[in-house]
Amino acid sequence: MSNGIIYCAVGDKFVKMAARSAETVRETTPGAQITLVTDKESAGGVFDEIALVPPGPNRHVKTNIGVYSSYDSTLYLDCDTIVVSDLSPVFDFLQDFDLAVVLSQRSRLKYYPPNSLTVHGLTGEHPHFASGVFGFSSRVVPDFFDFWLAAYKRTQHVVTFDQLSFSATILRAMKQGRTVMPLPSVWNVRPLWGDSVCADVKVFHTPQMDQDLSLQAYLSNRETLDNPKGAPRWVKHGKRTVR
């Protein structure tokens with residue numbers, strides 16, 4: 001069984017961000033195979049494989065990312081992620097489950113335009129799944145991604161974000177009988193969106209995490225968030241709250 005991590009980066013700015021994220025994968029997950037899907041032939045270095053695509057909308061590539069993966073089990077990461085713990089457990093999950101996804105700490109479907117929800121058969125009460133960090137087995141390719149790409153295109157003129165169509169696609173997969181492993185929120189922590197942090201964070205999902213030294217602050221104080229007598233403490237995190 002082959003395992004790997006995949007990024008989508010269309011444009012120089014996003015290639016640079018993906019490279020930084022991939023470096024943190026190297027630091028935390030030794031031996032990881034990493035693929036970059038990009039329109040830039042010069043991309044390389046930290047990546048094991050490069051899959052070239054024509055220039056075009058980034059999200060048209062991302063929502064069809066499964067067709068570019070050569071792995072049996074794949075973890076997709078957005079470019080603006082910083083990995084702080086070993087990611088290999090997700091591949092164990094994907095031996096038994098078709099998908100591995102994070103339920104957002106804060107549901108945001110209710111903030112989407114109502115007409116964009118009804119197109120997908122959703123309401124503001126449906127769960128909101130994070131599309132920036134998720135795992136998938138080759139068993140769901142290409143059907144899952146064919147549907148996601150088509151669903152995204154149906155409402156891209158109203159909603160440019162891909163989480164709405166991703167949530168609809170996850171729910172469809174569940175109705176079809178696909179097995180879904182719910183990942184803890186530590187796999188997709190977004191402090192700028194109000195997410196709390198604890199000692200067990202796997203992935204920070206925010207570019208500012210690296211720029212404002214909050215990452216260094218978190219790593220320096222990580223042990224203080226652990227609670228040997230029970231569950232780890234969850235706290236608000238940012239350059240003003242964790243020092």
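Caption draft 1: Broad picture of the sheet that holds strand S4 (residues 73-77). Spatially, S3-S2-S1-S4-S7-S6-S8 is the arrangement adopted by the 7 strands of the open sheet, whose pairing is mixed. In the strand order of this sheet, the two ends are held by strand S3 (49-52) and strand S8 (180-183), each with one partner. Direction aside, neighbouring strands of the sheet carry axes that sit 25° apart on average. Both strand S1 (residues 3-9) and S4 contribute to a ladder of 4 bridges, which runs parallel.

Caption draft 2: Just helix H8 (residues 214-221), in detail. Of the positions making up H8, those classed as buried are Ser214, Leu215, Ala217, Tyr218 and Asn221. What you see down the axis of H8 is that its buried residues fit within an arc of 165°, all on one side. In this structure, H8 carries Gln216 and Ser220 as exposed residues pointing more than 90 degrees from its buried face.

Caption draft 3: Main features of the packing of aromatic side chains. Throughout the structure, instances matching the rule amount to 12 aromatic pairs. With centroids separated by 4.8 Å and ring planes inclined at 70°, the aromatic side chains of Phe136 and Phe145 adopt a geometry described as edge-to-face. Seen from their ring centres, Phe144 and Phe166 are 6.2 Å apart, and the 80° between their planes marks the pair as edge-to-face. Taken together, the residues Phe144 in helix H5 (residues 143-155) and Phe166 in helix H6 (residues 163-175) connect sequence positions 22 residues apart.

Caption draft 4: Geometry of the environment of Asp86. By the secondary structure assignment, Asp86 is in the loop between strand S5 (81-83) and helix H3 (89-96). For Asp86, a relative accessible area of 31% puts it in the partly exposed group. When residues no more than four places from it in sequence are discounted, the contact partners of Asp86 are Thr28, Thr29 and Lys202. Within the structure, the side chain of Asp86 is placed 2.7 Å from the side chain of Ser88, a separation counted as a polar contact.

Caption draft 5: Examining the nonpolar core more closely. Counting 32 residues, the largest nonpolar core has Ile5, Tyr7, Val25, Phe47, Leu75, Leu77 and Leu87 as its most contacted members. Mapped onto this core, the elements with two or more residues apiece are S1, helix H1 (12-28), strand S2 (34-38), S4, H3, strand S6 (99-103), strand S7 (129-137) and S8. If near-sequence neighbours (up to four positions away) are discounted, Leu87 is found in contact with Ile5, Val25, Thr29, Leu75, Leu77, Trp187 and Val203. Membership of the second largest hydrophobic core comes to 30 residues, among which are Val37, Leu99, Val140 and Phe145.

Caption draft 6: Expanded view of the side chain of Arg222. Here Arg222 shows up in the loop between H8 and strand S11 (235-236). Side-chain polar atoms of Arg222 contact the backbone oxygen of Ala199, separated by 2.8 Å. With sequence-adjacent residues up to four places away left out, Arg222 is seen in contact with Val84, Ser85, Ala199, Asp200 and Val201.

Caption draft 7: Spotlight on the environment of Leu192. Here Leu192 lies in the loop between S8 and strand S9 (196-197). For Leu192, a relative accessible area of 59% puts it in the exposed group. As a C-alpha pair, Leu192 and His205 span 13 residues in sequence and 9.1 Å in three-dimensional space.

Caption draft 8: Focus on the pairing of S7. Of all 9 residues making up S7, 9 are buried, and the element is well covered by its neighbours. Pairing geometry for S4 and S7, over 5 bridges, is antiparallel. Directly across from Leu75, in S7, lies its bridge partner Gly135.

Caption draft 9: Region of the structure containing the packing of H5 against H6. Where H5 meets H6, the closest approach of the two axes is 9 Å, and the angle between their N-to-C directions is 140°. Of the possible angle classes, the one that applies to H5 and H6 is oblique. In terms of crossing hand, the pair formed by H5 and H6 is right-handed. The residues of H6 that touch H5, namely those facing Asp143, Phe144, Phe147, Trp148, Ala151, Tyr152 and Thr155, are Leu164, Ser165, Phe166, Ala168, Thr169, Ile170, Arg172 and Ala173. Each residue belonging to the contact of H5 with H6 can be placed in one class, and the counts come to 10 nonpolar, 3 polar and 2 charged.

How each quantity is defined
Residues numbered from 1 in each chain as written. Predicted model: local features only at pLDDT ≥ 70, side-chain atom pairs only at ≥ 80, totals over all residues. Heavy atoms only, no water. Pairing = 2+ DSSP bridges. Helix = DSSP H or I, 4+ residues; strand = E, 2+ residues; numbered from the N terminus. Axes fitted to C-alpha atoms, helices over the stretch in contact; angles between N-to-C directions. Buried < 20%, exposed > 50% of the residue type's maximum accessible area, 1.4 Å probe, protein only. Arc of directions from axis to C-beta. Phe/Tyr/Trp six-rings, centres within 6.5 Å; stacked < 30°, edge-to-face > 60°. Contact = heavy atoms within 4.5 Å. Polar contact = N/O pair within 3.5 Å; in protein donor to acceptor, adjacent residues only side chain to side chain. Core = buried A, V, L, I, M, F, W, Y, C linked by side-chain atoms within 4.5 Å. Parallel < 35°, antiparallel > 145°, perpendicular 65-115°, else oblique. Left-handed = near helix turned anticlockwise from the far one by under 90°. Nonpolar A, V, L, I, M, F, W, Y, C, P; charged D, E, K, R; others polar.

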